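Understanding the architecture of this molecule
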Amino acid sequence: MFIETPKAQVAKSKEDTFNFLNELSNFRQLMPENIDKFEVLNENRFLFALKGMPEIVLEKKEQTPFEQIVLGAASDKLPFTLTADIKEVDDQQSEVILSFKGEFNAMMAMMIKSPITNFINTLSTNLSKI
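A brief structural summary. (Residues numbered from 1 in each chain as written. Predicted model: local features only at pLDDT ≥ 70, side-chain atom pairs only at ≥ 80, totals over all residues. Heavy atoms only, no water.)

By size, the foremost hydrophobic cluster in this structure holds 33 residues, and its most contacted members are Leu21, Phe27, Met31, Phe46 and Phe48. At the level of elements, helix H1 (14-22), helix H2 (27-30), strand S3 (35-42), strand S4 (45-50), strand S6 (68-73), strand S7 (80-90), strand S8 (93-102) and helix H3 (106-127) are the ones that each hand at least two residues to this core. A per-element tally of this core places H3 first, with seven residues. Contacts of Phe46, omitting those with residues within four sequence positions, involve Leu24, Phe27, Met31, Phe38, Glu39, Val40, Leu41, Ile56, Val57, Leu58 and Leu71. (Core = buried A, V, L, I, M, F, W, Y, C linked by side-chain atoms within 4.5 Å. Buried < 20%, exposed > 50% of the residue type's maximum accessible area, 1.4 Å probe, protein only. Helix = DSSP H or I, 4+ residues; strand = E, 2+ residues; numbered from the N terminus. Contact = heavy atoms within 4.5 Å.)

Written as structure tokens, this is what we have:
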């Protein structure tokens, strides 16, 4: 399953946007309103839960300074990645595309596609407001 958001316009330089996303505690500002729990576990992992959903632990998997950050599920039960690709518009503005990639059976994919799409679209919308 692959889901991609439209480009989010961010009023920060490419470097500032990367640094914002690289600081995991900042993801709290991007979460949907129905967030039930958010906790930074260490510099590379955070946990969150939306109301009525199980807790998910995300960890930094890889990064390319000022261009890309890849977060992934800390558990192998639901293997997926959430990638932020950052492009420079000018010195004071950047664009971010969030993409979700996961390996799920057809039934699971059908059940989670809509909530995941809504979730990453909310992250993207909130990113454009920072």
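Nonpolar side chains collect at one region of the surface, where Met107, Met110 and Met111 lie side by side and expose about 380 Å² of accessible area between them. Residue placement: Met111 occurs in helix H3. (Patch = residues over 30% accessible without salt bridge, like charges linked within 9 Å, V, L, I, M, F, W, Y side chains within 5 Å. Areas by Shrake-Rupley, 256 points an atom, 1.4 Å probe, with all protein chains shown as cover. Salt bridge = Lys/Arg side-chain N within 4 Å of Asp/Glu carboxyl O.)

So, about the side chain of Glu95. With respect to the helices, strands and loops of the structure, Glu95 is situated in strand S8. In terms of polar contacts, Glu95 uses its side chain to reach the side chain of Gln9, at 3.1 Å. Other than its neighbours up to four places away in sequence, Glu95 contacts Lys7, Ala8, Gln9, Asp85, Ile86, Lys87 and Val89. (Polar contact = N/O pair within 3.5 Å; in protein donor to acceptor, adjacent residues only side chain to side chain.)

As a further point, take H1. In an α-helix, one full turn covers 3.6 residues, which means residues spaced three or four apart are oriented alike. Residues of H1 that are buried include every one of Thr17, Phe18, Phe20 and Leu21, and no others. Seen end-on, H1 carries its buried residues on one side only, within an arc spanning 160°. (Arc of directions from axis to C-beta.)

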